[in-house]
Amino acid sequence: MSFLPIPLYALALLCFIIYERNLIHEDAATRKLAEDASRTGVLLLFIGALAELGDLLAGAARGEMPFSDARSALAGLSLGWVVIGVAFIVRMRVFLLGLIVSPLALLASLVVAGAPTRAHELKAESMIEGLGILAHAVLGYAGYSSFFAAALGAGLFLLQDRELRLKRMGALFDHLPPLDRSAEIMRVGVKSGLYCILTGLLFAMLFLRGAVPPAKLLADTNIRVLVALCLYAGVILILGARWGWTRHRVVIMSFLLGILVMAIHSFFILGETFHTFARS
């Protein structure tokens, strides 16, 4: 396990704290310091993600099947979270998300560094199948991370909406993104997450075709939970398109989506409850 992501994510968190502390300062030089800190934080997050990816590839080169134990599963989830987080920060121009992306990435990398490796062996004759499962896992983790990003957008929306209702235009109000930008984070998060997970399921179906009996696939707890989560996200996407993403019901449902993702993955990773058919 490479320890390089840990200092990178720690430095990224420090950069985003500097950004947040100096964002609304009246002095032009201080504001420029905040902008430079935010850009540096994003760059450090990106380099940290590359380091995590390199560690996963190095493990595969040693014969370890990626995402086959709790340590590598958490590493994959952390990698997906950082990549999606950077994409949202850059696209939406909401650098405050770095204050959430970087500490969670740092915490995950610390846990991964201290966890033992119990990965299954990667067999040469199943390399093509393994690459398909790898694509399935990466897309799945990216989808989960997108759902969580949507929940963060919902949280930002609720905070900004509360400040507006209470007519409090203080420092917190100045730091929060506009309501329409938070709503856009929700929309993009739910939509891209759903597309990633459905594409990941398609990869799994293609590369597991004939290798796993359909009855085992249908009985697998992870697959059932994944399908239920996609159905819930699909409902949010339909309601958002119909009612608008600023409707409070849609915002609350998007926020709950992130809680569900955290609860599901905490259960799977801490309990090491992976696909049952992978153990047969």
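This is a predicted model, so every value here is computed, not measured.

With that settled, the discussion passes to the overall build of the chain. The secondary structure content of the chain amounts to 10 helices and 0 strands. Mapped from its N terminus to its C terminus, the chain presents α and β elements in the order α-α-α-α-α-α-α-α-α-α. Sorting the 280 residues of the chain into buried and exposed places 47% on the buried side.

Now for the packing of aromatic side chains. The full count for this structure, using the stated rule, is 2 aromatic pairs. Where Trp81 meets Phe148, the ring centres are 5.0 Å apart and the plane angle is 70°; that geometry is what we call edge-to-face. Pair noted here: Trp81 is in helix α3 (residues 70–92) and Phe148 is in helix α5 (residues 127–165), with a separation of 67 residues, a long-range link. Given the relative accessible area of 7%, Trp81 is considered buried. A relative accessible area of 14% means that Phe148 is categorised as buried.

As a further point, take a nonpolar patch on the surface. A surface patch of nonpolar side chains, amounting to about 540 Å² of accessible area, comprises Leu43, Phe46, Ile47, Leu50, Leu53 and Leu57. Position of Ile47 among the secondary structure elements: in helix α2 (residues 28–61). The exposure class of Ile47 is partly exposed, given its relative accessible area of 34%.

Membership of the largest hydrophobic core comes to 42 residues, with the highest contact counts inside it found for Tyr9, Leu45, Val82, Phe88, Ile89, Val94 and Leu97. Those elements that place two or more of their residues in this core are α1 (5–22), α2, α3, α4 (98–114), α5 and α7 (179–207). Those residues in contact with Leu97 that sit more than four places away from it in its chain are Phe88, Ile89, Leu152, Leu156 and Ile185. In this structure, Tyr144, Leu239, Val250 and Met253 belong to the second largest nonpolar core, which totals 28 residues.

Another aspect to go through is the environment of Ile6. If you trace the backbone, Ile6 turns up in helix α1. What makes Ile6 buried here is its relative accessible area of 15%. Note: C-alpha distance between Ile6 and Ser109 (103 residues apart in sequence) is 6.0 Å. Among all residues touching Ile6, those that are not within four sequence positions of it are Leu106, Ser109, Leu110 and Ala113.

Right, let's get into the confidence of the model for the chain. For the chain, the mean per-residue pLDDT works out to 79, and 74% of the residues sit at or above 70. When pLDDT is averaged over each helix and strand of the chain, the minimum, 61, is found for helix α6 (residues 171–175) and the maximum, 91, for α1.

Mapped onto the secondary structure, Ser254 falls in helix α10 (residues 248–270). Not counting the four nearest positions on each side in its chain, Ser254 is found in contact with Ala150, Ala151, Ala154, Met186, Val190, Ile236 and Trp245.

Further remarks concern the pattern of salt bridges. One pass over the structure, following the stated rule, counts 5 salt bridges. The partner of Arg165 in a salt bridge is Asp161, with the nearest N and O atoms 2.7 Å apart. In this pair, Arg165 and Asp161 are both assigned in helix α5, 4 residues apart and thus about one turn of the helix distant. The partner of Arg187 in a salt bridge is Glu184, and the shortest N-O contact between them spans 2.7 Å. Separated by 3 residues within a single helix, Arg187 and Glu184 lie in helix α7, roughly one turn from each other. By relative accessible area, Glu184 is classed as partly exposed at 25%. One salt-bridge network, in which partners are shared between bridges, spans Lys32, Asp36 and Arg39.

Let us now look at the packing of α1 against α4. It is at 9 Å that the axes of α1 and α4 come closest, and there the two elements cross at 160°. Between α1 and α4, the interaxial angle falls into the category roughly antiparallel. For the element pair α1 and α4, the recorded crossing hand is left-handed. Counted together, Pro5, Ile6, Tyr9, Ala10, Ala12, Leu13, Phe16, Ile17 and Glu20 of α1 and Gly98, Leu99, Ser102, Pro103, Ala105, Leu106, Ser109, Leu110 and Ala113 of α4 form the full contact between these two elements. Residue classes in the contact of α1 with α4 are distributed as 14 nonpolar, 3 polar and 1 charged.

So, how was this worked out
Residues numbered from 1 in each chain as written. Predicted model: local features only at pLDDT ≥ 70, side-chain atom pairs only at ≥ 80, totals over all residues. Heavy atoms only, no water. Helix = DSSP H or I, 4+ residues; strand = E, 2+ residues; numbered from the N terminus. Buried < 20%, exposed > 50% of the residue type's maximum accessible area, 1.4 Å probe, protein only. Phe/Tyr/Trp six-rings, centres within 6.5 Å; stacked < 30°, edge-to-face > 60°. Patch = residues over 30% accessible without salt bridge, like charges linked within 9 Å, V, L, I, M, F, W, Y side chains within 5 Å. Areas by Shrake-Rupley, 256 points an atom, 1.4 Å probe, with all protein chains shown as cover. Salt bridge = Lys/Arg side-chain N within 4 Å of Asp/Glu carboxyl O. Core = buried A, V, L, I, M, F, W, Y, C linked by side-chain atoms within 4.5 Å. Contact = heavy atoms within 4.5 Å. pLDDT = per-residue confidence, 0-100. Axes fitted to C-alpha atoms, helices over the stretch in contact; angles between N-to-C directions. Parallel < 35°, antiparallel > 145°, perpendicular 65-115°, else oblique. Left-handed = near helix turned anticlockwise from the far one by under 90°. Nonpolar A, V, L, I, M, F, W, Y, C, P; charged D, E, K, R; others polar.

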